[in-house]
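# Reading the structure
Chain by chain, the residues run as shown.
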Amino acid sequence: MTYLAKPKLLRTDAPKNTLGYTRRDYEGAISTLCAGCGHDSISAAIVQACFDLDIEPHRVAKLSGIGCSSKTPDYFLGASHGFNTTHGRMPSVLTGAALANRDLTYMGISGDGDSASIGIGQFAHAMRRGVNMTYIVENNGVYGLTKGQFSATADKGSKNKRGVVNSDTPIDLVALALQLGASYVARSFSGDKEQLIPLIKGALRHRGPAFIDVISPCVTFNNHPGSTKSYDYVREHNDAVNRLDFILPRDQINATYPAGSLRRIVQHDGSILHLRKLATDYDPSDRVGAMNHLQERHALGEIVTGLLYVDSSAEDLHRHLNTVEKPLNQLGDAYLCPGSKALDALNASLR
Amino acid sequence: MKPIQSSNDFVIKFANVNGSGSASANELFARAIMRMGVPIAPRNIFPSNIQGMPTWYEMRVSAAGWLGRRGGCDLMVAMNPQTWDRDIAEIEPGGYLFYDSTKSQPRSRFREDITVLGIPLTEICNREYTDPRQRQLFKNIMYVGALTALLDMDFAVVEKLIADQYRGKDKLIGANVNALKLGYDHARANLSCPIGLRVERSHGVGDQIFINGNDACGLGAVYGGATVTGWYPITPSTSIIEAFGSYCRKYRTDPDNGMARYAIVQAEDELASIGMVIGAAWNGARAFTATSGPGISLMQEFFGLAYFAEVPVVVFNVQRGGPSTGMPTRTQQSDLIACAYASHGDTKHVLLFPEDPYECFTLGAQAFDLADRLQTPVFVLLDLDIGMNDRLCQPFAWDDQRRYDRGKVMSAEQLEAGKNFGRYLDVDGDGIPWRTIPGTHPTKGAFFSRGTTRNAYAKYSEAGTDYVYNMERLRHKFETAKTLVPAPVLKPASQPTRYGAIYYGSTSPAMAEASALLEAQDVHVDTLRVRGFPFADEVIDFVNDHDFVFIVEQNESGQLRMLLINEGEVDPKRLIRVLHYDGTPITARFISGRIADTLSTHKVTPIRKQVAS
Ligand SMILES: Cc1ncc(C[n+]2csc(CCOP(=O)(O)OP(=O)(O)O)c2C)c(N)n1
Ligand code: SF4
Ligand SMILES: [Mg+2]
C-alpha cells in the first residue's frame, strides 16, 4: 500500500555514506508488486548501488514506461523526481529530459513488453542517439501487468501458464543494443545481486547509453517449468562471461586476482571497472566478438551474463549537439532572448 | 472585348514547372513591386513533389492592401505547356496572356477575348547561352524583364534588387541584369508597352515586413525562450524547425566557445518528438514541436499525459487537408477539434489562432508563457496559407523589459522556508498548482509524475474523491485560461446590426475585405476575430448579442462552430456556416457572396428580440 509513508525507523547505527545518507534515504514507497517478483530485487540493487556511489538522490531523474516493472521507480529513490510516462515511450521522454539538464543522472526503467514490444522503436533510437542514461529492462518474458501474455522476448517454444506455446522468434535486447551503438551493454539476473549491483554502478558512472537487460522472473505468470525466464532455468543456464568489481577513484584497490584473468577499464569520471574474466576468450571491448559470443551461447540454450561490452571513450548526445555546459533549463532570459535591437535589424532585412 | 485597365490592382499568375528555378525569379518580381511601395500578396500553389510537376505562383497586387486571395487572373504567365489549356481558361475576359512564343501555336489554342503577348524566350536563350542550366535560369529572369516593361515598372528597382541579392558575387549580378535587360528590351521593341495593367509607385507598403508564418513561428520560439525541440519532417510545418535552427545559430550560439544554447533533435516519428518535448518541459526547459495533422494524430496519447501530468508544452500545427495522402500541399483549418479535445479521458487544450506572420511571432512567443503559466499543452494553429507564403505584415516588436513568465515554479528557497508543496494542490484558487523542477532541493519537493492515479500530493491513489478533486481543479484551471488567452478582436459594422461574423486565423484578410464589399452593398455585419480557445467571455457575448452569426471557416464540418455550440451552449440555429474547404485559401468574394446570398434569399427573420441592456 504505497500511499502509506514508509515508517522511518530511527536506527542511529545505520551505516552512512559520505553524504551522510543511510540506505533508507535511497528507498521509496512500499512496493505493491507480488511477493517474490524479480523486479523488487532490482529496485533493491538500485538502492544499494546509489547508496554506495554517494549519489545525491535529488540529482537523479527516474523515468519509466508502463508495466509492473515501470511502476518500480516509485519504490526506490523517493527523493528523486520520477515520471511514469506512457507504454513504450519512456525513451523519448528521457531523451528530452536529458536535453534539458545535462547535469542530472538519468535512469530509465522498463519492461520487456515496454521496450521490446510496443516500444522497440524508441528503445532503438535512444540507443543510437547516444543518450547519457542507465537503461534497465526488467525482463520476465511476459506482460505482467496485463496478466501473462507473451512479450517479444519470450523464447520460441516457451510455454505460458496455460500451456500455450510461443511460436514467435524472440528479440534479444542485448544483441540489439550492441548493434545500435549502446556504449555499455550488460545482462544480469535479478536473483544475483553480487553481479547486478556492480553492473548498475558501472552503468551509472558510464557516459553514454548504458543498457542492462536484467532477467527478472514473474512469479505469478512466468515462473513455471516451461519458462526460460524462470528462476530455475536462469540459474541452470547462466553463462557469466565475467564478474565485475566497481571501484570509485577514492577507493583502495585491495582485491588481488591471478594475472591474466583481470581486466581494468577506466571510465570518463575516473571510476574503474575490474572485470574478472570467466570465459577466457572474452573481450568486452570487442563489439563484434560480443555479438558472436552471444549468438553462439544462445544456440546452446545458455544465457550470457556479465558486462558484455563497454566503450569507455564513448561520446554522448550533448557532445554530438555541441550544447553549452550550463544546463539548458537554467539559461536565463538574457541568454535566450535576442532582444529588440536584433529584431529591428531583422525587420530591416525583411523589407 | 476591351482589355482590362487597372493600376496597382490586379492578379498575376505564373504557371511553372516545379524545380525549374522559377521560384526565385517570381519572388524577385514580387519584391520589385513591393519596393515600388505597392502591397502584394503572393501564394504558392504547389504539388507534393520535388521536380517536374506543375506549380503556380499567384500574386495579388492591391493598392488598397487587401492580402487575401482574390480569385481569378488578369495576367497569366504561361510557362508550362502541360497546364496550358486550364491556364488559358482561367484568364478573366479582357485579361492578358504572356507566353514563350518560340514554338508557334495554332490560333485555336488561344482565346479571342484576351490580349496575347508572346516573346520567343527559348529562342533568345538558346542564342545567348550555351549552358543548359543557364538557359533555364535566365529564361526566368528574362520574363521578369519583359514584365517589367509590360507593366511599366521601374527597371532600376529590379536591377537594384538583383544587386542586393547577389551582393559580393559580382559576376552573377552582371549576368542576371543582362538577362533582365534582354527581356526588357525585347518587350519594348516588339510589344506595345505598357499594357492596361500597371504598377505605379505608391506608399501602401510603409514599414511592413515580408515574411512567411513558419519563419515567424521559428523566430517566436527563439524569442519565447524555447531551448529544446524534437520534431519529425512533415509538410507544411518543416520550415518552422528549419527557421528555429537558423535563428538559433544566429542568436543562440555562445560567443565565447561557439556552443549551442539549444538542442534540436530530429526524432524517429511524431510520438518520439512530442515525448522529447514533454520530457524537456517536465525538466524545466521551454520546449516545442511543429507538425501537421498526421503528426497530431500520432501524438494523441502523449497530449493526454501532458494534460494530466500538467506539463507545459507548445505545439505548432500547420494545418493542411486530410490524412497522409490528403492534400499535404493545400491549406485548411481542419484540426480544431482534433487539437481542442486531443487524447482520451476528458481532455481540453488551449489553442491560439494567429492571423499572419506578425501574430505567428507574437502568439508563438506568448504560447510559451501561457504554457508555463497554465502548465498545460498550448497549440498554435496556423495553416499552410500563412505558414508557407510570404506575407506583408507589421514589423516584429519586442519589449526588452519583458521577462518570461515561468509560472508557478517553486524554488529551493521556498521549499526550504517550508512552503506547503502539493504538486496537484490548488493553493491559489485559480486551479493552477505549483510545480518543482527535478534536482531543486535535496529532500523537499520531489514527486512522481503519472496520469491521474494520484492525490493532490502526487501520491498513488485510485480513490474516486481524489480523481474528482483533480478533474474539478482542471476545469477551474480552464476557466482561468479563458482570461489569459489573447482577447478576440471586434470590428463593428458602420451601423448597428443584428448580424455578426466570427472568423479566425488565415481567413482574416479575406474577411476584412469581405466586410468592405458588404458595406459597399449596404449590408452590415459586425465581425469578431477569435484568437484563442477556451473562448473568452467576449466571444460568447458576441454570439448572444446578435440574432445570427456567420461562422466563417476553412473546413468542411464547421469546427469552430461546433466548439462554440459545445462550450458556449449557444443555439446552433443562430450560427450560420460559411465554409470553404477545397484546399485553396478562402476569398473575400466567397465570403461576401455567401453572406449576401444568405441574407437575401433565406430572408432570415429574428427568432428573438434583442434584449436591451
Ligand atoms: C498504449 C497502451 N497499450 C496497452 C497498455 C496495457 N498494458 C499495460 S502494461 C502492459 C504490458 C507490460 O509488460 P512489460 O513491459 O513486460 O512489464 P511487466 O508488467 O511484465 O513488468 C500493457 C500491454 C497500455 N498501458 N498502454
Ligand atoms: S505480475 Fe509478475 S511482474 Fe507483475 S508484480 Fe507480479 S510477479 Fe511481478
Ligand atoms: Mg514483462
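Residues numbered from 1 in each chain as written. Chains lettered and ligands numbered in written order. Predicted model: local features only at pLDDT ≥ 70, side-chain atom pairs only at ≥ 80, totals over all residues. Heavy atoms only, no water.

A few words now on the sheet that holds strand β12 (residues 272-277) of chain A. Residues and elements named next belong to chain A. Taken together, 3 strands build an open sheet; the order of strands is β10-β12-β11 and the sheet is antiparallel. Every other strand in the sheet has two partners, leaving β10 (242-247) and β11 (262-266) as the edge strands with one partner each. Ignoring which end each strand starts from, the neighbouring axes of this sheet average 20 degrees apart. Set on the sheet, helix α7 (residues 193-205) makes contact with β10 and β12; between it and β10 the angle comes to about 55 degrees. (Pairing = 2+ DSSP bridges. Helix = DSSP H or I, 4+ residues; strand = E, 2+ residues; numbered from the N terminus. Axes fitted to C-alpha atoms, helices over the stretch in contact; angles between N-to-C directions. Contact = heavy atoms within 4.5 Å.)

Strand β4 (residues 133-139) of chain A sits mainly inside the fold: 7 of its 7 residues count as buried. Of the two faces of β4(A), both are covered, the one formed by A:M133, A:Y135, A:V137 and A:N139 as well as the one formed by A:T134, A:I136 and A:E138. (Buried < 20%, exposed > 50% of the residue type's maximum accessible area, 1.4 Å probe, protein only.)

Bound to the magnesium ion (ligand 3) on the protein side are A:D112 (OD), A:N140 (OD1) and A:V142 (O), at distances that span 2.1 Å. Along the chain, the residues donating to the magnesium ion (ligand 3) fall in the pattern D-x27-N-x1-V. (Donors = N, O, S within 2.8 Å, 3.2 Å for Na, K, Ca; no water.)

Every residue near ligand 2 is listed here: A:L33, A:C34, A:C37, A:H39, A:C68, A:N140, A:C218, A:V219, A:T220 and A:F221. Considered class by class, the residues forming the shell around ligand 2 number 7 nonpolar, 3 polar and no charged. (Near = heavy atom within 4 Å. Nonpolar A, V, L, I, M, F, W, Y, C, P; charged D, E, K, R; others polar.)

Our focus in this paragraph is helix α12 (residues 339-349) of chain A. Along α12(A), the residues that are buried comprise A:G339, A:S340, A:A342, A:L343, A:L346 and A:N347. Projected onto a plane normal to the axis of α12(A), the buried residues spread over an arc of 160 degrees and lie on a single side. What points out from α12(A), more than 90 degrees from its buried face, is the exposed set A:K341, A:A345 and A:S349. Contact partners of the buried residues in α12(A): β9 (209-212), α7 (213-223), α8 (238-251) and α13 (357-374) of chain B. (Arc of directions from axis to C-beta.)

A:C68, A:S69, A:G113, A:D114 and A:G144 are the nearest of the 17 residues found near ligand 1. At the site occupied by ligand 1, the surrounding residues belong to chains A and B. Between ligand 1 and A:H39 there is a distance of 2.9 Å, counted from an oxygen atom to a side-chain nitrogen or oxygen. In the model, an oxygen atom of ligand 1 is placed 2.7 Å from a nitrogen or oxygen of the A:D114 main chain. Across the complex, the protein chains shield 77% of the 600 Å² of accessible surface that ligand 1 would expose by itself. Counting only elements with at least two residues in the shell around ligand 1, the list comes to α2 (68-71), α4 (112-117) and β5 (142-143) of chain A. With 3 residues, α4(A) is the single largest residue contributor to the shell around ligand 1. Residues that form the shell around ligand 1 fall into these classes: 5 nonpolar, 9 polar and 3 charged. (Polar contact = N/O pair within 3.5 Å; in protein donor to acceptor, adjacent residues only side chain to side chain. Areas by Shrake-Rupley, 256 points an atom, 1.4 Å probe, with all protein chains shown as cover.)

Our next topic: the pattern of salt bridges. Any two side chains of opposite charge can pair, so long as their charged atoms come close to each other. For the structure shown, the criterion picks out 47 salt bridges over all chains. Note that A:E27 is salt-bridged to A:R23, the shortest N-O span being 3.5 Å. We classify A:E27 as buried; its relative accessible area is 18%. In this structure, a network of salt bridges that share partners links the residues B:R286, B:D369, B:D372, B:R402, B:R406 and B:R435. (Salt bridge = Lys/Arg side-chain N within 4 Å of Asp/Glu carboxyl O.)

What follows is about the domain arrangement of chain B. It is common to report an interface's size as the accessible area lost on association of the parts. For chain B, the assigned domains are domain 1 (6-198), domain 2 (211-393), domain 3 (412-484) and domain 4 (489-612). The distance between the C-alpha centroids of domain 1 of chain B and domain 3 of chain B comes to 60 Å. (Domains from an automatic or database assignment.)

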